[in-house]
Amino acid sequence: LKHGLGRPEEALADLGLCLALQPSHAASRHLAGVCLQSLGRFRAAAAEYDRVTALDGGHWAWYGAQLCAFYLDRLDAPLEGGSADAEVRTGSGEDK
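Residues numbered from 1 in each chain as written. Predicted model: local features only at pLDDT ≥ 70, side-chain atom pairs only at ≥ 80, totals over all residues. Heavy atoms only, no water.

Visitor: Account for the side chain of Arg29, naming residues and giving values.
Guide: Looking at the secondary structure, you find Arg29 in helix H2 (residues 26-38). With relative accessibility at 13%, the residue Arg29 sits in the buried group. Side-chain polar atoms of Arg29 contact the side chain of Glu48, separated by 2.9 Å. Ignoring any residue separated from it by four or fewer positions in sequence, one finds Arg29 in contact with Leu19, Pro23, Glu48, Arg51, Val52 and Leu55. (Helix = DSSP H or I, 4+ residues; strand = E, 2+ residues; numbered from the N terminus. Buried < 20%, exposed > 50% of the residue type's maximum accessible area, 1.4 Å probe, protein only. Polar contact = N/O pair within 3.5 Å; in protein donor to acceptor, adjacent residues only side chain to side chain. Contact = heavy atoms within 4.5 Å.)

Dropping the structure here:
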């Protein structure tokens, strides 16, 4: 709830208490990953998502881990051609 209210730091602290009591609770681990990701802590978020996947191989947390890897690779990279969206839209990296 606190994450949805824009208070991910508080939500993460609450989830830490939950995980101290039950470290193998996959849903709490997943929400911790979501909070970390929203705070821009992508490596830590990916680690939580990986823990969720280890606990529950069928959980879709692998998707969050892949997003974190993408963000880590792309967010600090300089844009060439002015717009990363143009690359996706046209496949060329240039606006048409």
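Visitor: Now, about helix H3 (residues 42-55): what can you tell me, with residues and values included?
Guide: For H3, with 14 residues, the first-to-last C-alpha span of 20 Å sits near the 20 Å given by 1.5 Å per residue. Of all the positions in H3, only Phe42, Ala45, Ala46, Glu48, Tyr49 and Val52 are classed as buried. When H3 is viewed along its axis, its buried side chains cluster within an angular range of 160° and face the same direction. Opposite the buried face of H3, by more than 90 degrees, sit the exposed residues Arg43 and Ala54. Buried-residue contacts for H3 involve H2 and helix H4 (61-74). (Expected span 1.5 Å × (residues − 1). Arc of directions from axis to C-beta.)

Visitor: If you had to explain the nonpolar core to someone new, which residues and values would you point to?
Guide: In a soluble, globular protein the nonpolar side chains are often hidden away together inside. Counting residues in hydrophobic clusters, the biggest one holds 16 residues, and the most contacted among them are Leu12, Ala32, Cys35, Ala45, Tyr49 and Cys68. Taken together, the elements giving at least two residues each to this core come down to helix H1 (8-21), H2, H3 and H4. In terms of residues, this core owes the most to one element, H3, which gives five residues. Contact partners of Ala45, with chain neighbours within four places excluded, come to Gly33, Leu36, Gln37 and Cys68. (Core = buried A, V, L, I, M, F, W, Y, C linked by side-chain atoms within 4.5 Å.)

Visitor: Now, about the packing of aromatic side chains: what can you tell me, with residues and values included?
Guide: Using the criterion set out here, one finds three aromatic pairs in the structure. The interplanar angle of 85° and the centroid separation of 6.0 Å between the aromatic rings of Trp62 and Tyr63 together place this pair among those described as edge-to-face. Residue class for Tyr63 comes out partly exposed when judged on its relative accessible area of 43%. (Phe/Tyr/Trp six-rings, centres within 6.5 Å; stacked < 30°, edge-to-face > 60°.)

Visitor: Please give an account of the environment of Lys2 that cites residues and values.
Guide: Relative to the helices and strands, Lys2 resides in the segment before H1. Judged by its relative accessible area of 27%, Lys2 is partly exposed. In sequence terms Lys2 and Asp14 are twelve residues apart; their C-alpha atoms lie 9.1 Å from each other. Contact partners of Lys2, with chain neighbours within four places excluded, come to Arg7, Pro8, Glu10, Ala11 and Asp14.

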